[in-house]
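# Coordinate analysis (summary)
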Amino acid sequence: QRNEVDQPEPAYTKYVQRYRPTSLEKQEIEKLLCELYFNAIYALSGSKAKEDKKARLDLYYRARKICPLSDADKKEVSKLEKSLN
């Protein structure tokens, strides 16, 4: 609820390793994590600050591990990578 992205990830990993959820349960949790990532990404999208760009890129990197990225998101990742290098 508070978009604290760093806290749910370890909990998710621990839950999957410890309890071996069904595929449906895992998909539901991953959907929630994707929503969290993209809400945080879009909350930072209006900022031109370098720190916020780095944070968005990091969130995209985390998201793409479990979330499908749209073509627009992939272009944004490429754009962010170029602007930060």
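So, here's what we can say about the structure. Remember, predicted model here, so these are calculated numbers, not experimental data. (Residues numbered from 1 in each chain as written. Predicted model: local features only at pLDDT ≥ 70, side-chain atom pairs only at ≥ 80, totals over all residues. Heavy atoms only, no water.)

### Some words on helix 2 (residues 23–44)
Under the 1.5 Å per step criterion, the end-to-end length of helix 2 is 32 Å for 22 residues, consistent within 8% with the ideal 32 Å. If you check which residues of helix 2 are buried, you get Glu 30, Leu 33, Cys 34, Leu 36, Tyr 37, Phe 38, Ala 40 and Ile 41. If you follow the buried residues of helix 2, they end up packed against helix 1 (8–19), helix 3 (50–66) and helix 4 (71–84). (Helix = DSSP H or I, 4+ residues; strand = E, 2+ residues; numbered from the N terminus. Expected span 1.5 Å × (residues − 1). Buried < 20%, exposed > 50% of the residue type's maximum accessible area, 1.4 Å probe, protein only. Contact = heavy atoms within 4.5 Å.)

### Brief notes about the state of the cysteines
For the coordinates displayed, the defined rule picks out one disulfide. Paired through a disulfide, Cys 34 and Cys 67 show a sulfur-sulfur distance of 2.0 Å. Judged by the sign of its S-S torsion, about -110 degrees, the cystine formed by Cys 34 and Cys 67 is left-handed. Of this pair, Cys 34 sits in helix 2 while Cys 67 sits in the loop between helix 3 and helix 4, placing them 33 residues apart in sequence. (Disulfide = S-S within 2.5 Å.)

### With respect to unusual backbone geometry
The phi dihedral of Arg 20 is positive, around 45 degrees, even though this residue is not glycine. Within the element layout of this structure, Arg 20 appears in the loop between helix 1 and helix 2. The exposed category is assigned to Arg 20, whose relative accessible area is 65%.

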